[in-house]
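The residues making up each chain are set out below.
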Amino acid sequence: MKVRFWGVRGSIPAPGPETNRYGGNTSCVSITTATGGLVIIDMGTGLMHLGATLMASAFGKGAGRAAILLSHTHWDHIQGLGFFPPVFVPGNEITLWGPGGSDHVLEGILEGQMDPNFSPLQTLKNFSASFEIRAVQVGVPFEVQGLTVTARLHPHGGTSALAFRLEEAGRVFVYASDVGYADGVPDAESIAFYRGADVLLHDTTYKPEDQATRRNRGFSAYDEACAAARAAGVGRLVTFHYDQDYTDDDVDGIVASCRALLAGTAIEVVPAREGDELAI
Amino acid sequence: MVIRFWGVRGSIPVPGRATNRYGGNTSCVEVRPKGEPPIIIDAGTGIRKLGKLLLEESFGDGRGKASILISHTHWDHVQGLPFFSPLYRAGNEVHVFARERDVHLEAVFSQQHDAPYFPVPLSAMHATMQFHGVSEGASFDIGRAKVTSARLNHPSVAIAYRVDADGASVVYCSDTAPFSDMILAHEFVERPPSGILPLALLEELAEMRAGVVALAKNADLLIYDTQFTPEEYKKQPHWGHSRPDDAIEIAMAAGAKRLCLYHHAPMRSDDANDAILAGTRAAAQAAGARFEVMSAYEGLEVTVGDA
Ligand SMILES: [Zn+2]
Ligand SMILES: [Zn+2]
Ligand SMILES: [Zn+2]
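In this text the structure is predicted, and so the values were computed from the model without any measurement.

## Points about the pattern of salt bridges
- Taken as a whole and judged by the stated rule, the model has 31 salt bridges over all chains.
- Across the pair Glu 93 of chain A and Arg 65 of chain A runs a salt bridge whose closest N-O atoms are separated by 3.5 Å. Here Glu 93 of chain A, found in strand S5 (residues 93-98), pairs with Arg 65 of chain A, found in strand S4 (residues 65-69); they are 28 residues apart in sequence, far enough to count as distant.
- A salt bridge links Arg 144 of chain B to Glu 36 of chain B; the nearest nitrogen and oxygen atoms lie 3.3 Å apart. Here Glu 36 of chain B lies in the loop between strand S2 (28-32) and strand S3 (39-41) and Arg 144 of chain B lies in the loop between strand S7 (139-142) and strand S8 (145-151), a separation of 108 residues in the sequence.
- Via salt bridges that share partners, Arg 4, Glu 30, Arg 32, Glu 57 and Glu 301 of chain B belong to a single interconnected network.

This is the structure in structure tokens:
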């Protein structure tokens, strides 16, 4: 698997010179499988830039195939969808897997984003590509683009978000963004879900001192991510979903602190940065 | 009156090195009549930084008052509102003006805060919020400022606003297609139109254009949607945006004193925006225009009349 970061920010895009190095786009990650399959996780504003790149491939000719895994439907995870050029090319086939009681409920929520009050698209039905929406069954492995995916429901403030475990030929990538553990302690089931991951991408929205006053918002501080990585014995920890107010220097600090916390373990800390690619 | 630009981008925010100079935030302009509370036009992501600064004024201790004029509720014009800090302080008073529609405006704005999309419901914002429906062409007062409006040519209909105060005027004209090729309203238009427009539609367009020209009459500053290059417009006339030449034409007809290019396309780099500005200045001069042409960037501050 090759993992690439298109958007690494939480809550709202943060343009400006102070976010140039890590990037200001909201959450979006792509995974290219060993057999050339494409899996996208989350549809923040980073999705627009992934889409622009994809137009030079089969997606530009209406022969593209992709799966999208959606952690939850907060704006910073869906706001790129209307700006994803492959959905406007007939012939492309995209299947989205996300949270919700049923396919229908999830589709209704995504439709809301295209409501004529807010979007000139007016409805998802104006997509020209085939765009299928499927509700994920938590805990039941399913196949997308040749990968085996298992989803887990995480607490996320007043709501919940899906984490995904992707496996291909014994390699494991876990995406766990937007998670706020009860009392800030990663629980045993979450640890079991991460166990053995070659790469754990984990929510590191806050510094601990900011987390102290924002616990109810449903995010992790970097020390919680490190605790999870250590307990699960993962290979690499990827920091992700940085607070919109953090500058590049702040994120440098988060990464350095993670490295200090995990010093003496075999866990490597890799910061998610727009444009970077990670081979697993 | 001072006008400050907090977000100048259309469609979607675009962080990154290519947009450092003009800025990547979506539409938001602050209008400050002398000694008066802010009149904010549009609530794209640019409003987030404005909100933080306002906390240092009376908004920080819940005594602030602001008005927000919404051109239309497309995402790039409202998506910053949930991140506007003054709304989280009890005591602040925020008046939101937007085009009247079948549904109550509060219901429209609260959709953005619905649980599947955002963690904080509109009803949990502690500031006092009041929603005011604006009919196309309506005029009203905000403090000492006089606000007038006109209809624009845009999907789902947008409204242009003029603010008169301190013996000067600013006109905000975004988003709009030119008033020549098609009428955009509530129907979804999938592709560019073909064939000749019926006379009735041409008359309607002429009337809409006349309304905009009248609104911008002798404006000290005319802020105008110039998202498209001529080539882009040819492909997407049904998207509801104008070209620099359209802005020049309206500014000349209205006798505006300064023209400000605005609502830059998301993928437009700083260098490309520089080139468009240079080209527009040359075109305005060639057309015999006597106004100054500028291009909006985050942090731009323009003073008109007394300040
Ligand atoms: Zn998020
Ligand atoms: Zn717009
Ligand atoms: Zn619009």
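## Here's the deal with the coordination of the zinc ion (ligand 1)
All names here are of chain A.
- Ligation of the zinc ion (ligand 1) by protein atoms is provided by Asp 76 (OD), His 77 (NE2), Asp 178 (OD) and His 241 (NE2), these donors lying 2.1 to 2.2 Å from the ion.
- Donor residues for the zinc ion (ligand 1), ordered by position in the chain, follow D-H-x100-D-x62-H. Placement of the pair is Asp 76 in helix H2 (residues 75-78) and His 241 in the loop between strand S12 (236-240) and helix H7 (248-261), with a sequence separation of 165 residues. Considered together, Asp 76 and His 241 belong to a single accessibility category, that of buried residues.

## A closer look at the coordination of the zinc ion (ligand 3)
Residues and elements named next belong to chain B.
- The zinc ion (ligand 3) binds to the protein through His 72 (NE2), His 74 (ND1), His 154 (NE2) and Asp 175 (OD); the donor distances cover 2.1 to 2.7 Å.
- Taken together, the four donor atoms surrounding the zinc ion (ligand 3) define angles of 85 to 171 degrees at the centre, an arrangement classified as irregular.
- Sequence positions of the residues that donate to the zinc ion (ligand 3) give the spacing H-x1-H-x79-H-x20-D.
- In this structure, the zinc ion (ligand 3) lies 3.5 Å from the zinc ion (ligand 2), and both are coordinated by Asp 175. In this pair, His 74 is assigned in the loop between strand S4 (65-69) and helix H2 (75-78) and Asp 175 in the loop between strand S10 (168-173) and helix H4 (199-215), connecting sequence segments 101 residues apart.

## Quick word on the environment of Phe 164 of chain A
Residue and element names in this part refer to chain A.
- Relative to the helices and strands, Phe 164 resides in strand S9 (residues 159-168).
- Of the residues examined, Phe 164 reaches a relative accessible area of 0% and is grouped as buried.
- For Phe 164, the residues in contact, after removing those within four places along its chain, are Ile 41, Leu 69, Leu 70, Ser 71, Trp 97, Val 149, Thr 150, Ala 151, Phe 173, Val 174, Tyr 175 and Phe 193.

## Thoughts on the packing of H4 of chain B against helix H6 (residues 244-254) of chain B
Residues and elements named next belong to chain B.
- The contact between H4 and H6 brings their axes to 8 Å, and the two run at 60 degrees. The pairing of H4 with H6 is recorded here as oblique in orientation. Between H4 and H6 the crossing geometry is right-handed. Within the contact between the two elements, H4 uses Arg 209, Val 212 and Val 213 and H6 uses Glu 249, Ile 250, Ala 253 and Ala 254.
- In terms of residue class, the contact of H4 with H6 is made up of five nonpolar, no polar and two charged.

## Points about the interface of chain A and chain B
- Between chain A and chain B, the contact holds 37 residues from the first and 37 residues from the second.
- Counting the surface lost from both chain A and chain B, the interface buries some 3,200 Å², and carbon and sulfur atoms represent 58% of this.
- Area buried by chain A at its contact with chain B is led by Pro 15, Trp 75 and Phe 118 of chain A, which between them contribute 25% of it.
- Here chain A is connected to chain B by three salt bridges.
- Of the charged contacts in the structure, one is a salt bridge between Asp 245 of chain A and Lys 52 of chain B, with a shortest N-O distance of 2.6 Å.
- With four residues, the top contributor of residues to the side of chain A that touches chain B is helix H3 (residues 103-113) of chain A.

Rules used throughout
- Residues numbered from 1 in each chain as written.
- Chains lettered and ligands numbered in written order.
- Predicted model: local features only at pLDDT ≥ 70, side-chain atom pairs only at ≥ 80, totals over all residues.
- Heavy atoms only, no water.
- Salt bridge = Lys/Arg side-chain N within 4 Å of Asp/Glu carboxyl O.
- Helix = DSSP H or I, 4+ residues; strand = E, 2+ residues; numbered from the N terminus.
- Donors = N, O, S within 2.8 Å, 3.2 Å for Na, K, Ca; no water.
- Buried < 20%, exposed > 50% of the residue type's maximum accessible area, 1.4 Å probe, protein only.
- Tetrahedral: all angles 85-135°; square planar, octahedral: opposite > 155°, others 65-115°.
- Contact = heavy atoms within 4.5 Å.
- Axes fitted to C-alpha atoms, helices over the stretch in contact; angles between N-to-C directions.
- Parallel < 35°, antiparallel > 145°, perpendicular 65-115°, else oblique.
- Left-handed = near helix turned anticlockwise from the far one by under 90°.
- Nonpolar A, V, L, I, M, F, W, Y, C, P; charged D, E, K, R; others polar.
- Buried area = accessible area lost by both parts, 1.4 Å probe.

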